[in-house]
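For reference, the chains in residue letters:
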Amino acid sequence: MAKTWSITVPGSTANLGPGFDSIGLALGLYLKLEVTLQDEWEFEHHSVHLPEKFTVEEHLVYTVAKEVAERFDVELPGCKIVMTSELPLARGLGSSASAIVAGIEVANQVCELNLTLEQKYTLASRIEGHPDNASASVCGGLTIGASLPNGDLELIHTQDVQAAFAVFIPNVELKTAEARKVLPAQYDKAYAVHASANANMLTAALLTKDYKRAGKFMEHDLFHEPFRANLIPNYHEIRQTAKDAGAYGTAISGAGPTVISLLPIEKVTAFVEKMKPLFPTYDIQAVRVDTKGVQVEIHETIN
Ligand SMILES: Nc1ncnc2c1ncn2[C@@H]1O[C@H](COP(=O)(O)OP(=O)(O)OP(=O)(O)O)[C@@H](O)[C@H]1O
Ligand SMILES: N[C@@H](CCO)C(=O)O
């Protein structure tokens, strides 16, 4: 019997404005892997969104799978992995986090680790460096995470998000590392208290499904957007145009340069059609909230 694992990982948006490095939302754009066992590791990329040039040893999915196997002191068998992706690189849609979650799931399956959801999102968040994108790709839905002083990650997540989202994906890249370099090392106390209150309001509004208020506070980030705005093409124009067209609110998706709008479900289709001619160089699309997170299907075939 030959086993094949089909692994599907949703992309994600992070922050939603003030939820910086804490709030994640899984999106219906996917990284997909077909995994079979073989002597040597081999990758096939069947998507324009996947790295063109890479070596196995540098491949993020391989390096993460190897790290996880070593952490659990088990041998990582050779795999052939065929990958497709709907997640453009360095656009703030969580491509790197999806690859990290995929690597964890590959090790989980081929090393028979039986990892819990908590182990997966804790590992993924530690490797990614912040819990937002990684936790959303593991759990699906809306995730709110915080690390404790001892390094443990506390996470609250809900699949119940009764709103729609539209993304404006520009044809330029912005590496997260670059977008993090422009952030201040510290904040003035009064400023930080204000920023924290805005984040609390965003979180409370999202969890109580007060999406009009959630949209308002999406646009009141003080942690990162004031320092990143000039890195995001047409940031102010998109935000105002989206508001005028019925969006509750618009924020940078993760570290950008994609921008994401929160809308009433019934308005999203007309909104996207209205936005497309106004920003012709952007890939503008309605994206649904993924509610499942990482998924695995196992197929057994007779050799
Ligand atoms: N699906 C993938 N498969 C393999 N490697 C990936 C994948 N996605 C990202 N990577 C690797 O991770 C590196 C960083 O990815 P990327 O630029 O997407 O991360 P980022 O700056 O965090 O932006 P984003 O949040 O949009 O992912 C890439 O250069 C690539 O080497
Ligand atoms: N919270 C991270 C998300 C990166 O995708 C940042 O804004 O830098």
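Every value quoted in this text rests on a predicted model; they were computed, and no experiment measured them. Position labels on residues start from 1 in each chain and follow its written sequence. Think of it this way: whatever chain is written first is A, whatever ligand is written first is 1, and the rest follow in order. Selection of residues for local features in this predicted model requires a pLDDT of at least 70, selection of side-chain atom pairs for listing and counting requires 80 or more, and totals for whole chains, interfaces and linings are taken over all residues. Side-chain numbers here rest on the full set of heavy atoms in the structure, without hydrogens or water.

Colleague: Could you give me a rundown of helix α10 (residues 268-275), with the residues and numbers involved?
Modeller: A 1.4 Å probe rolled over the protein chains alone gives each residue an accessible area, and that area as a share of the maximum for its type sets the label: buried under 20%, exposed over 50%, partly exposed in between. Numbering of helices and strands runs from the N terminus; a helix is a DSSP stretch of H or I covering at least four residues, while a strand is a stretch of E covering at least two. Residues of α10 that are buried: V268, F271, V272 and M275. Take α10 and look down its axis: the buried residues cluster within an arc of 95 degrees, on one side only. Relative to its buried face, α10 has exposed residues pointing more than 90 degrees away, namely T269 and A270. Where α10 is buried, its residues meet β7 (164-169), α9 (235-244), β9 (259-263) and β10 (283-287). This arc is built from the directions going out from the helix axis to the C-beta atoms. We call two residues in contact when some of their heavy atoms are within 4.5 Å.

Colleague: Which residues make up the layout of surface pockets, and what values go with them?
Modeller: Estimates place the volume of the largest pocket at around 600 Å³. In terms of lining, the largest pocket is formed by 33 residues, of which the most central are L60, L89, A90, S95 and S96. Every element with two or more residues in the lining of the largest pocket is listed here: β1 (2-15), β2 (19-37), α2 (95-110), α4 (131-139) and α5 (176-181). Here the lining of the largest pocket gets four residues from one element, more than from any other, and that element is α2. For this classification, the nonpolar set comprises Ala, Val, Leu, Ile, Met, Phe, Trp, Tyr, Cys and Pro, the charged set comprises Asp, Glu, Lys and Arg, and every other residue, Gly included, is treated as polar. The residue makeup of the lining of the largest pocket, split by class, is 14 nonpolar, 11 polar and eight charged. Buriedness of a pocket was judged along seven lines, with at least five required to meet protein on both sides within 12 Å; pockets are open sets of points on a 1 Å grid over the protein atoms alone, cavities are sets where a 1.4 Å probe fits but cannot get out, and lining residues have an atom within 4 Å of a point. Grid points are joined across faces, edges and corners, and a volume is the space filled by probe spheres set on the points.

Colleague: Go over the site of ligand 2, please, and point to the residues and values.
Modeller: Throughout, near means a residue has at least one heavy atom within 4 Å of the molecule or strand. Near ligand 2, the surroundings consist of A14, N15, F20, D21, H130, D132, N133, T176, R180, R228, G254 and A255. Interatomic distance of 2.5 Å between a side-chain N/O atom of D21 and a nitrogen atom of ligand 2. Definition of a polar contact: a pair of N or O atoms within 3.5 Å, with one able to donate and the other able to accept a hydrogen when the atoms are protein atoms, and with sequence-neighbouring residues admitted only if both atoms are side-chain atoms. Contacts to ligand 2 include D132, whose side-chain N or O atom sits 2.7 Å from a nitrogen atom. Per-residue and other accessible areas follow the Shrake-Rupley method at a 1.4 Å probe size, with only the shown protein chains counted as cover for residues. When the free accessible area of ligand 2 is taken as 260 Å², the share hidden by the protein chains comes to 97%.

Colleague: Just give me the short version of the nonpolar core, but keep the residues and values in it.
Modeller: One broad trend across soluble globular proteins is that nonpolar side chains are buried collectively. Ranked by size, the top nonpolar core spans 66 residues in total, and within it L33, W41, I81 and V106 carry the most contacts. In terms of residues, this core owes the most to one element, α2, which gives eight residues. Lining this core are residues from two domains, each supplying at least three of them: domain 1 (2-158 + 290-301) and domain 2 (164-287). In contact with I81, not counting residues within four places along its chain, are L33, E34, V35, W41, E42, F43, E44, V61 and V106. Think of a nonpolar core as a cluster: buried Ala, Val, Leu, Ile, Met, Phe, Trp, Tyr and Cys residues, connected wherever their side-chain atoms sit within 4.5 Å. Of all hydrophobic cores here, the second largest spans 23 residues; its members include I232, A245, V268 and I284. Domain segmentation is taken from an automatic or database assignment of domains.

Colleague: Report on the UniProt feature "domain: GHMP kinase N-terminal" (unreviewed entry) in the protein chain, specifying residues and quantitative values.
Modeller: UniProt positions are given in the numbering used here, feature names are shortened, and annotations may be inferred rather than shown by experiment. The UniProt feature table records "domain: GHMP kinase N-terminal" (unreviewed entry) at residues 60-141. Counting secondary structure, residues 60-141 comes out at 60% helix and 9% strand; the distance between its end C-alpha atoms is 24 Å.

Colleague: Go over the site of ligand 1, please, and point to the residues and values.
Modeller: Neighbouring ligand 1 are 17 residues; A90, G92, S95, K175 and T176 lie closest to it. At 2.9 Å, a backbone N or O of A90 approaches an oxygen atom of ligand 1. Between S95 and ligand 1, the recorded distance is 2.7 Å, taken from a side-chain N or O atom to a nitrogen atom. Here ligand 1, which alone exposes 600 Å², has 81% of that area covered by the protein. Those molecules having more than half of their atoms within 2 Å of a cavity or pocket grid point set are described as sitting in that cavity or pocket. If you map ligand 1 onto the pockets, it falls in the largest pocket. Residue contributions to the shell around ligand 1 peak at three residues, all from α2. Of the residues contributing to the shell around ligand 1, the split by class is nine nonpolar, six polar and two charged.

Colleague: Could you give an account of unusual backbone geometry, naming the residues involved and the relevant values?
Modeller: A cis amide bond, omega 0 degrees, links G256 with the succeeding residue P257. With respect to the element layout, P257 can be found in the loop between β8 (249-252) and β9. At D21, a position not held by glycine, the phi torsion is positive, near 60 degrees. Along the chain, D21 falls in strand β2. Phi at N234 takes a positive value of approximately 60 degrees, unusual for a residue other than glycine. Topologically, N234 is positioned in the loop between α8 (225-228) and α9.

Colleague: Could you give an account of the environment of S125, naming the residues involved and the relevant values?
Modeller: Tracing the backbone through its elements, the reader meets S125 in helix α3 (residues 117-128). The spacing of S125 and S135 is 10 residues in sequence and 6.6 Å in space, taken between C-alpha atoms. In this view, S125 contacts H130, P131, A134, S135 and L153; residues no more than four positions away in its chain are not counted.

Colleague: So, the side chain of K120: which residues are in play, and what are the values?
Modeller: One can find K120 in helix α3. Judged by relative accessible area, K120 falls into the buried class, the value being 13%. Leave out the neighbours within four places in its chain, and K120 touches I104, E105, N108, L115 and V138.

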